[in-house]
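Inside the fold
Here is what each chain is made of, one letter per residue.
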Amino acid sequence: MQTNVLAEQLSAARSGDRAATNGLFATLQPMIMRYCRARIDASGHDHAADVTQEVFIAALSSMHRFRGPETSFLSFVFGIAAHKIADYHRARSRDRTHLAAEPVDGPDPELGPEQRVLRTELGARMRGLLGLLTESQSEILILRVAVGMTADETAAVVGSTPAAVRVAQHRALQKLRRHLSTDNAETIRARRFSGPSASKAPSRPAHGRTAGMSSARPA
């Protein structure tokens, strides 16, 4: 997505052009959805879609009050998204009844049971990895990798420079690679020691006597 295209759509939308407004949100919707899905855990119900809708409702109601430069509107919308995601997590932590309220009898029809489990496990794994990073690194990695933004677009959202974004992304990926390398090495060692050969303990004679003691005893 080109920032100047977004600026043109915003300019026309703020002047009352309904088609431009629809085009503006059609441009942003896939990006916001990917961002929300990266920040919200997967389950049988697509909570990310609900949050994305809340983001657009808030953005639409405040678009005409937005006074910043048109090039900063992307940052403005992602700021709304960050607040809505934080609200979602606060509400979820307060309301523990969600554990029993998941719509288990109404899963995503496009996913089979194994696919739903895999998506949940992969989502948990990715959130665990992102938890190893600083908040800034995590945000940049999500925007660059999950959302698919350019370094320029990411810089506009996080209030940085493209060069700083690239450096932060490089350091974040290095940190994750080191963690994964260590994790894989520990897994290999664990499998090696828990394999079939490791389970074969040295045989011991009855009553715990050693072979030497047994042979030395008179007949």
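Residues numbered from 1 in each chain as written. Predicted model: local features only at pLDDT ≥ 70, side-chain atom pairs only at ≥ 80, totals over all residues. Heavy atoms only, no water.

**Side note on helix α7 (residues 135–146)**
Basically, it comes down to this: Runs of H or I in DSSP of at least four residues are treated as helices and runs of E of at least two as strands, each being numbered from the N terminus. Multiplying one less than the number of residues by 1.5 Å gives the expected span of a helix. Think of it in three bands: with a 1.4 Å probe and only protein chains considered, a residue is buried below 20% of the maximum accessible area for its type, exposed above 50%, and partly exposed in between.
Across its twelve residues, α7 extends 15 Å between first and last C-alpha, which sits within 8% of the 16 Å expected from 1.5 Å per residue. Taken together, the buried positions of α7 are occupied by Gln137, Ser138, Glu139, Ile140, Leu141, Ile142 and Leu143.

**Notes on the nonpolar core**
Across soluble globular proteins, nonpolar side chains show a tendency to be buried alongside one another. What counts here: We call a set of buried Ala, Val, Leu, Ile, Met, Phe, Trp, Tyr and Cys residues a nonpolar core when their side-chain atoms join them within 4.5 Å. Domain start and end points were adopted from an automatic or database domain assignment.
Formed by 40 residues in total, the largest nonpolar core has its most connected members in Leu24, Leu28 and Phe78. Breaking this core down by element, the ones donating at least two residues are α1 (3–14), α2 (18–39), α3 (47–62), α4 (73–94), α6 (113–130), α7 and α9 (162–193). Here this core gets nine residues from one element, more than from any other, and that element is α2. Per-domain counts for this core show at least three residues from each of domain 1 (1–98) and domain 2 (118–191).

**Details of the confidence of the model for the protein chain**
Low-pLDDT portions of the prediction should not be read for the details of their coordinates. Condition: pLDDT is a per-residue confidence score from the predictor, ranging from 0 to 100. In what follows, residue pairs with any heavy atoms lying within 4.5 Å of each other are defined as contacts.
In the predicted model, the protein chain carries a mean pLDDT of 75, and 64% of its residues have values of at least 70. Per-residue pLDDT, averaged within each element of the protein chain, yields its smallest value for helix α10 (residues 211–216) (43) and its largest for α3 (91). A low-confidence stretch, residues 206–219 (pLDDT under 50), is modelled with three contacts involving residues beyond four sequence positions or located in other chains.

**As for the packing of α3 against α4**
To keep it simple, the criterion reads: All axes are obtained by fitting lines to C-alpha atoms, using only the stretch in contact for helices, and the reported angles, taken between N-to-C directions, cover 0 to 180 degrees. For classification, angles of less than 35 degrees are called roughly parallel, those exceeding 145 degrees roughly antiparallel, those between 65 and 115 degrees roughly perpendicular, and all remaining angles oblique. Throughout, a crossing is termed right-handed when the near helix is turned clockwise from the far one, and left-handed when it is turned anticlockwise from it by less than a right angle. The classification used treats Ala, Val, Leu, Ile, Met, Phe, Trp, Tyr, Cys and Pro as nonpolar, Asp, Glu, Lys and Arg as charged, and all other residues, Gly among them, as polar.
Packing of α3 against α4 leaves a shortest axis separation of 9 Å and a crossing angle of 135°. One way to sum up the angle between α3 and α4 is to call them oblique. Both α3 and α4 take part in a crossing whose hand is right-handed. Along its contact with α3, which presents His47, Val51, Glu54, Val55, Ala58, Ala59 and Ser62, the element α4 presents Phe76, Val77, Ile80, Ala81, Lys84, Ile85, Tyr88 and Arg92. Tallied by class, residues from the contact of α3 with α4 come to ten nonpolar, two polar and three charged.

**With respect to the packing of aromatic side chains**
What counts here: Only Phe, Tyr and Trp rings take part, Trp by its six-membered ring, and two of them pair if their centres are within 6.5 Å. Stacked means planes under 30 degrees apart, edge-to-face means over 60, and tilted covers everything else.
Under the counting rule described, the total for this entry stands at five aromatic pairs. Between the aromatic rings of Phe66 and Phe76, the centroid separation amounts to 4.8 Å while the plane-to-plane angle is 40°, which identifies the pairing as tilted. Placement of the pair is Phe66 in the loop between α3 and α4 and Phe76 in helix α4, with a sequence separation of ten residues. For Phe66, a relative accessible area of 7% puts it in the buried group. Grouping aromatic residues by their ring pairs yields a cluster made of Phe66, Phe73 and Phe76.

**A few points about the environment of Val55**
Residue position: Val55 is located in helix α3. Remark: the alpha-carbon pair of Val55 and Lys84, spanning 29 residues in sequence, is separated by 6.7 Å. Once residues within four sequence positions are removed from consideration, Val55 is found in contact with Ile32, Val77, Ile80, Ala81 and Lys84.

**Some details on the pattern of salt bridges**
How we decide: Salt-bridge detection follows one rule: a side-chain nitrogen of Lys or Arg within 4 Å of a carboxyl oxygen of Asp or Glu.
Taken as a whole, this structure holds two salt bridges when the rule is applied. Glu139 serves as the salt-bridge partner of Arg39, at 2.6 Å between the closest nitrogen and oxygen. With Arg39 in helix α2 and Glu139 in helix α7, the pair connects residues that are 100 residues apart, well separated along the chain. Residue Arg39 is classed as partly exposed on the basis of its relative accessible area of 23%. Given the relative accessible area of 17%, Glu139 is considered buried. Two residues, Asp87 and Arg90, come together in a salt bridge whose shortest N-O distance is 2.3 Å.

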